[in-house]
Amino acid sequence: MVSRVIPVDPFDLVIFGGTGDLARRKILPGLYRRYWAGQVPDGVRIIGAARTEQDSDAWRVFVRAAIIEFVAEAKHDPDVIDAFLKQLHYIPVDARGDGGWKDLAGMMREGVTQAFYFSVGPGLFGDLAERLHRFKVACEDCRIVVEKPFGRDLASAKTLNATLAQHFDEQQIYRIDHYLGKETVQNLMAVRFANVLFEPLWNAQYVDHVQITVAEEVGVGGRGGYYDKSGAMRDMVQNHLMQLLCLTAMEPPSRFEPDAVRDEKLKVIRALEPLPPEDIVRGQYSAGDEPSYLEDVEDPDSRTESFIAMKLHVANWRWNRTPFYLRTGKRLNARNSEIVVHFKQPPHSIFDADAGSKANVLSIRLQPDEGMDLRVTIKEPGPGGMRLVDVPLDMSFAEALGPEAADVPDAYERLIMDVIRGNQTLFMRGDEVEAAWAWTDPIIDAWTERGDRPLPYAPGSAGPEDALILLHKDGRRWREITP
Ligand SMILES: NC(=O)c1ccc[n+]([C@@H]2O[C@H](COP(=O)([O-])OP(=O)(O)OC[C@H]3O[C@@H](n4cnc5c(N)ncnc54)[C@H](OP(=O)(O)O)[C@@H]3O)[C@@H](O)[C@H]2O)c1
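Just so it is clear, the structure is predicted and the values come from calculations on it, not from any experiment.

Student: Could you clarify how one ought to interpret helix α3 (residues 78-85) in this entry?
Tutor: Residues lying three or four places apart along an α-helix face the same way, a consequence of the helix completing one turn every 3.6 residues. Taken as a whole, α3 has its buried residues at Val80, Ile81, Phe84 and Leu85. One face of α3 carries all of its buried residues, which in axial projection span an arc of 135 degrees. Residues of α3 that are exposed and point over 90 degrees away from its buried face: Pro78 and Asp79. Where α3 is buried, its residues touch α1 (21-36), β2 (45-50), α2 (56-70) and β3 (88-92). Among the residues of α3, the N-terminal cap falls to Asp77, whose side-chain oxygen and the backbone nitrogen of Asp79 are separated by 2.9 Å.

Here it is, written out as structure tokens:
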């Protein structure tokens, strides 16, 4: 077992939507991995809640299957799984009805941390908040965890914030963006703020541009109904890409504390310039022999984008005119998420022009393999004179810190443990979410008003041709999307 863990006190965690897909694939396997790591002590109770009428034993069968399917085989010790399952309970509850709530209230213990994970559709968040209060289920300082999507525009996000605020303080609300739970995203902060090497160069004087890519190989698949109502802008940019942009562009917070970090992120969103239409490319996968987007959704005339690329500017002293290029899409040629900081060329080269020279590039990979690498220019070994070559300075956690470091928690399990510890640093504050929608709304409204059609792109490509041109126009090119 891995030993480098911070112990927590016993807690009660209720998972609304305990029979759903997210619970099955992420939350429950994640909790089991934390149990394996020694972080879910005796006395913890994990309570599944959903409408399905079943007893705790039936839910345990579901959870066991989820563990077998989604946890690495090396952790399939039947005795450990049995011991974990003993801490699990199930209670049928309808978010829109009154049944089950009094029973749930009776199960909650006083004097332990109480957390309620809203892993249900967003239409139920308000119902859950209201009933937790009305049936006196939750203690005064309980925590609620709210899944995405947090609204679909500024108005709905404000309404949801206001609904939650009727029953909970901001300090009790944990809005999940699981990208923030990724090891490398936090490492981005460590690299920036725990070293002197990078921060002096982290500005318009030394950074040529930044690229943020979240590329998916899969299409909208079974989620077509949901996705077609949101599209890449709402589903990915407003939350995940915006958060990655904030962490890359923000000023150093005074401390690594929730409000200090979130204040700085908010300033970045507020400093974003409005986007001119020529700096956005929308796409929809459609050409080729494979199923097109329109075959994956119900509306045969859908104008929802499955791809978006854009050029942003953060209007402040640090980033003056430094472009941030963001892109995300489905059915692209590989699954790859990364933040890539392209530094400028040295101001003057002392080497011959034919020696070749490459600018430094720092890439922070989020998936498929989390890690960082920095490309530096050195002399090509050998007797061929001064020829320059760029090589990776690979920051591999596993090699430097030993195999335990490679066994990093998945984003969800890390975030759940942060909820239990009461640390909101990696969760979005209400005003951040609203600011992101305030920036996004006019862009989406303009598309709707103009009736814009996304450009077609071939499944398995890097997106529409115009996305490449977006950078070519500036004399730059996208990094290849590699698996
Ligand atoms: N799945 C993912 O990968 C993923 C990723 C990111 C975010 N999310 C978000 O996570 C949330 C859950 O997604 P999901 O994919 O797990 O959805 P799902 O598979 O459809 O599960 C929904 C869950 O909600 C329960 N439920 C539905 N109506 C209910 C009601 N009236 N009262 C109580 N429980 C009710 C369902 O159980 P019963 O039918 O038994 O009531 C089920 O457990 C959504 O907000 C989604 O946007 C999901």
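So much for the structure itself; the text now carries on.
Student: Help me understand the pairing of strand β4 (residues 113-118) in this model?
Tutor: Each regular strand displays side chains that alternate between the two surfaces of the sheet. Burial analysis of β4 places five of its six residues in the buried class, which makes it a mostly covered element. In terms of strand pairing, strand β1 (residues 11-16) meets β4 through six bridges, oriented parallel. Paired with Phe16 across the strands is Phe118, a residue of β4. As for the winding sense of the linkage, the β-α-β connection from β4 through helix α5 (residues 125-134) to strand β5 (residues 143-146) is right-handed.

Student: How should the environment of Ala162 be read in this particular structure?
Tutor: If you trace the backbone, Ala162 turns up in helix α6 (residues 154-167). Judged by relative accessible area, Ala162 falls into the partly exposed class, the value being 42%. The sequence separation of Ala162 and Gly430 amounts to 268 residues, and the corresponding C-alpha distance is 9.5 Å.

Student: Whenever I open this one, the packing of aromatic side chains confuses me. Can you help?
Tutor: Here a ring pair, both rings aromatic, is described through the centre-centre distance and the interplanar angle of the planes. What the rule picks out here adds up to 17 aromatic pairs. Centroid distance Trp59 to Tyr90: 6.0 Å. Interplanar angle 45 degrees. Geometry classified as tilted. One end of the pair, Trp59, is in helix α2; the other, Tyr90, is in strand β3, with 31 residues separating them in the sequence. A relative accessible area of 0% places Trp59 in the buried class. Ring pairs connect the aromatic residues Phe16, Trp101, Phe116, Phe118, Phe125 and Phe135, which therefore count as one cluster. We note Arg282 situated over the ring of Trp447; from NZ or CZ to the ring centre the distance is 4.1 Å.

Student: Would you take a moment to explain the side chain of Arg234 for this structure?
Tutor: Here Arg234 shows up in helix α9 (residues 231-249). Salt bridges are absent for the buried Arg234, whose nearest opposite-charge side chain, Asp153, sits at 5.2 Å. Leaving out residues up to four positions away in the same chain, Arg234 has contacts with Arg152, Lys229, Asn239, Trp437 and Ile444.

Student: Explain the packing of α9 against helix α15 (residues 430-450) here, please?
Tutor: The geometry of a pair of packed helices is captured by two quantities: the angle between their axes and the separation between those axes. Closest axis-to-axis distance for the α9/α15 pair is 10 Å, and the angle between their directions is 140 degrees. When the axes of α9 and α15 are compared, the pair comes out oblique. Crossing angle aside, the handedness with which α9 passes α15 is right-handed. In this structure, α9 uses Met233, Arg234, Gln238, Met242 and Gln243 to contact α15, whose residues at the interface are Glu432, Val433, Ala436, Trp437, Trp439, Thr440, Ile443, Ile444 and Trp447. Taken together, the residues that form the contact of α9 with α15 break down as nine nonpolar, three polar and two charged.

Student: Where do I start with the site of the ligand in this structure?
Tutor: Close to the ligand lie 22 residues; Thr19, Arg25, Arg51, Thr52 and Val120 are nearest. Arg51 is positioned with one of its side-chain polar atoms (N or O) 2.8 Å from an oxygen atom of the ligand. Contact with the protein chains removes 74% of the 880 Å² of surface that the ligand exposes when unbound. Across the shell around the ligand, the residue classes tally to nine nonpolar, seven polar and six charged.

Student: Explain helix α10 (residues 258-270) to me, please; I cannot follow it from the model alone.
Tutor: With 13 residues, α10 ought to run about 18 Å at 1.5 Å a step, and its terminal C-alpha atoms sit 18 Å apart, in line with that. Residues of α10 that are buried: Ala260, Val261, Arg262, Glu264, Lys265, Leu266, Val268 and Ile269. The secondary structure elements touched by the buried residues of α10 are α9 and α15.

Procedures and definitions
Residues numbered from 1 in each chain as written. Predicted model: local features only at pLDDT ≥ 70, side-chain atom pairs only at ≥ 80, totals over all residues. Heavy atoms only, no water. Buried < 20%, exposed > 50% of the residue type's maximum accessible area, 1.4 Å probe, protein only. Helix = DSSP H or I, 4+ residues; strand = E, 2+ residues; numbered from the N terminus. Arc of directions from axis to C-beta. Contact = heavy atoms within 4.5 Å. Polar contact = N/O pair within 3.5 Å; in protein donor to acceptor, adjacent residues only side chain to side chain. Pairing = 2+ DSSP bridges. Right-handed = clockwise from strand over helix to strand, strands pointing away. Phe/Tyr/Trp six-rings, centres within 6.5 Å; stacked < 30°, edge-to-face > 60°. Lys NZ or Arg CZ within 6 Å of the ring centre and 35° of its normal. Lys, Arg positive; Asp, Glu negative; His and termini not counted. Salt bridge = Lys/Arg side-chain N within 4 Å of Asp/Glu carboxyl O. Axes fitted to C-alpha atoms, helices over the stretch in contact; angles between N-to-C directions. Parallel < 35°, antiparallel > 145°, perpendicular 65-115°, else oblique. Left-handed = near helix turned anticlockwise from the far one by under 90°. Nonpolar A, V, L, I, M, F, W, Y, C, P; charged D, E, K, R; others polar. Near = heavy atom within 4 Å. Areas by Shrake-Rupley, 256 points an atom, 1.4 Å probe, with all protein chains shown as cover. Expected span 1.5 Å × (residues − 1).

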